[in-house]
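# Structural overview
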Amino acid sequence: MEEKHVELLKTKCDEENYKKLMELNNPVLHNFIAKYVELCNPLSVFVRTDSLEDTRYIRDKARKLEEETQLLIDGHTVHFDGYFDQARDKENTKFLVTKDLSLGPDINSIDRQVGLVEIQDLLKSIMDGKEMFILFLCLGPINSDFSIYAVQITDSCYVAHSEDILFRPAYQVFKRKGPDIEFFKYVHSAGELEGNVSKNIDKRRVYIDFAENIVYSVNTQYAGNTVGLKKLSLRLAIRKADKEGWLAEHMFVMGVYGPDERKTHFTGAFPSFCGKTSTCMVRGENILGDDIAYLRKRRGKVFAVNVERGIFGIIKDVNPEDDPLIWEILTTPGEVIFSNILVKDGVPYWQGDGRLPPDEGINFSARWFKDKIDEKGSPIPYAHPNARYTIRLGSLKNRDPQLEDPEGVVVKGIIYGGRDSDTWPPVFESFDWVHGVITIASSLESETTAATLGKGGVRKFNLMANLDFLSLPIGKYIQNHLDFVKDLEKPPLIFGVNYFLKGQNSNYLTGMQYKRVWLKWMELRVHNDIEAIKTPIGFFPRYQDLKKLFKEVLNKDYPEEDYRKQFTLRIPENIAKIERIVEIYKTKVTDSPDIFFKLLQEQKQWLEKIKVQYGDYVAPTLF
Ligand code: SPV
Ligand code: MN
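These notes cover the structure that comes with them.

Scoring rules and cut-offs
Residues numbered from 1 in each chain as written. Chains lettered and ligands numbered in written order. Predicted model: local features only at pLDDT ≥ 70, side-chain atom pairs only at ≥ 80, totals over all residues. Heavy atoms only, no water. Donors = N, O, S within 2.8 Å, 3.2 Å for Na, K, Ca; no water. Helix = DSSP H or I, 4+ residues; strand = E, 2+ residues; numbered from the N terminus. Buried < 20%, exposed > 50% of the residue type's maximum accessible area, 1.4 Å probe, protein only. Near = heavy atom within 4 Å. Polar contact = N/O pair within 3.5 Å; in protein donor to acceptor, adjacent residues only side chain to side chain. Areas by Shrake-Rupley, 256 points an atom, 1.4 Å probe, with all protein chains shown as cover. Nonpolar A, V, L, I, M, F, W, Y, C, P; charged D, E, K, R; others polar. Domains from an automatic or database assignment. Contact = heavy atoms within 4.5 Å. Axes fitted to C-alpha atoms, helices over the stretch in contact; angles between N-to-C directions. Parallel < 35°, antiparallel > 145°, perpendicular 65-115°, else oblique. Left-handed = near helix turned anticlockwise from the far one by under 90°. Disulfide = S-S within 2.5 Å. Salt bridge = Lys/Arg side-chain N within 4 Å of Asp/Glu carboxyl O.

## Thoughts on the coordination of the manganese ion (ligand 2)
The coordination sphere of the manganese ion (ligand 2) contains the protein donors Lys 231 (NZ), His 250 (NE2) and Asp 291 (OD), at a distance range of 2.1 to 2.3 Å. Donor residues for the manganese ion (ligand 2) sit on one chain with the sequence pattern K-x18-H-x40-D. Of this pair, His 250 sits in the loop between strand S14 (247-249) and strand S15 (251-257) while Asp 291 is found in the loop between strand S17 (286-289) and strand S18 (293-298), placing the two residues 41 residues apart along the sequence. Accessibility assignment for this pair places His 250 and Asp 291 in one class, buried.

## Quick look at the site of ligand 1
Surveying the vicinity of ligand 1 reveals the residues Arg 88, Tyr 222, Gly 224, Lys 230, Lys 231, His 250, Ser 272, Asp 291, Phe 312 and Arg 388. Arg 88 is positioned such that a nitrogen or oxygen atom in its side chain is 2.7 Å from an oxygen atom of ligand 1. Interatomic distance of 3.2 Å between a side-chain N/O atom of His 250 and an oxygen atom of ligand 1. In the complex, 93% of the free accessible area of ligand 1, which totals 280 Å², lies under the protein chains. The class makeup of the residues in the shell around ligand 1 is two nonpolar, three polar and five charged. Residues from two domains meet in the shell around ligand 1; each of domain 1 (3-65 + 92-244) and domain 2 (248-307 + 403-622) gives at least three.

## Focus: the side chain of Thr 277
Of note, Thr 277 is situated in helix H10 (residues 276-280). Separated by 2.8 Å, the side chains of Thr 277 and Asp 290 make a polar contact. The contact partners of Thr 277, leaving out residues within four places of it in the chain, are Asp 290 and Tyr 389.

## Observations regarding the packing of helix H1 (residues 3-12) against helix H3 (residues 27-40)
Running from N to C, H1 and H3 point in directions that differ by 65°, and their axes come no closer than 10 Å. The angle between H1 and H3 falls in the class roughly perpendicular. Judged by the sense of rotation from one axis to the other, the crossing of H1 with H3 is left-handed. Seen from H1, the contacting residues are Lys 4, His 5, Leu 8, Leu 9 and Lys 12; seen from H3, they are Asn 31, Ile 33, Ala 34, Lys 35, Val 37 and Glu 38. Class assignment for the residues of the contact of H1 with H3 results in five nonpolar, two polar and four charged.

## Quick look at the state of the cysteines
One pass over the structure, following the stated rule, counts zero disulfides. Its sulfur unpaired, Cys 13 is 14 Å from the next cysteine sulfur, which belongs to Cys 40. Overall, the relative accessible area of 5% leaves Cys 13 in the buried class. With no disulfide of its own, Cys 274 lies 14 Å from the sulfur of Cys 280, the closest cysteine sulfur. Residue class for Cys 274 comes out buried when judged on its relative accessible area of 2%.

## Here's the deal with the pattern of salt bridges
This structure, assessed with the given rule, holds 56 salt bridges. Taking the shortest distance from any N to any O, the salt bridge between Asp 145 and Arg 298 comes out at 2.9 Å. Of this pair, Asp 145 sits in the loop between strand S6 (131-139) and strand S7 (148-154) while Arg 298 sits in strand S18, and the two are 153 residues apart along the sequence. With a relative accessible area of 14%, Arg 298 lands in the buried category. The salt bridge involving Asp 616 is made with Lys 611; its shortest N-O contact spans 3.5 Å. Here Asp 616 falls in the partly exposed class, since its relative accessible area comes to 33%. Each of Arg 48, Arg 59, Asp 164, Arg 309, Glu 335 and Arg 392 takes part in one network of salt bridges that share partners.

Written out as structure tokens, the structure reads:
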């Protein structure tokens, strides 16, 4: 380390923290830390080891500095993000690119030099008077070929606390490996605070520099923008995976039980607010992770791990009926951070919790009262629709015992789902891997909800539910998926699901619990235990199989009429979808794989042929 850096770190760290840093014996790491201590200029530096004492220090600091407030139940706290800082900021999240590293028109980017100058300028003395926290963490289980190590620098103890709940600690690994460790880097500052929230939201920036595997995040607190190892790391991991031949995905990982205690692992990609967490949390099955998965091949099989060890979940609609296990954690002592809910007398309330909310309290708009309106005259809800809870997976009764397995679990099925009122059936299976990658995963769309846009029903293209995080040209990313299983004898099956299909009167055709049946059907298909119906868009379930499963899983009769409505092939909608997708790829993607248009064209022709034969809407029994 340079002499001036030694001096600097000695003045900013007390003896103990300096010692913790020096024990890491890694000049590259030391120079990185010193560089940002110098630039951000904090009052002091805290280095977190893996000890319980250090974890406690951060937890206590979050309360002391009022980034979190204690609630009535032991271990529960609430954190508020600023009124305009309630979600991921897509507009100001940019990749730093050079001329030879263009990502294509649909991916937000900025010239690397311009971006670096801007961000370094914003970071200058940004931690004035504050404490800097430095954390050493791991993406994926420790000591596995999946592990990616990471260093987080932040001046927010809420971010540091969230990271402790969500990710595995790795100070000891850094210590053991010394200079031989590769790692991702995150530099975050909440910036100047007003009350306890980021003040300069207009200067909120999230810049991703994959040339150096570093992400900068400033003037924001919302976890999706700030917790480095979550969505910021996914963007870096997608590029690393591209170079190394594996996949970094926006996917849950879960275990589904089949006959005779057989257990089959699935991953699943859904855009936000489309039932991703509720799928991997369904009654009777096991959750490994709800948000990000890494997939690798070994010995002719696909393995997956959860990158995280906790959940940063949407709290809206969590209630004792639909989510009894999460409800239990949110209402009993243990470590929970609630964010952007309503608090009254130390009790948290949120939309869809099945309780009558109080008429006033504290929420993301500070003191809230019934009929409170914002500057534009719109009513302020008592809890934000994107309000969240942060918990450890370890505290869930239904967690999969293989959560920390460094091998990961064998993936036999991959599920893609979006919000789709009129096109896809509730569940179906692709003909094979390539067909699934192209016509299901790369053709994924999801409708915006009234809650987020004012106008519902606008379809947004979101391939693999990963578009927001894509750090590769789209065609290359698809090609990586196509190539991933080339040498496998039996690749995972690919399924599409749709929990939002509507009937003629705009009523939903399926119930909240039906996904439990669809999962069991997919599990049986993976093992070839049942047959399916071949339609132009993929394999559909047979009535007799679903009827049996409805009885077994939900103790419910399943009228044939329901089946017919749910699984009628909607030809005009499916043709329109293909036309939309082809248009998007033709106009926005310059590097689509050749087979892409060919497969979609074939599918369309087949649909047209069936249409001539049977009309627009074809009951599944006709195939
Ligand atoms: C999502 O929006 O997909 C999330 C929450 O999982 S965030 O951390 O904001 O990305
Ligand atoms: Mn997510």
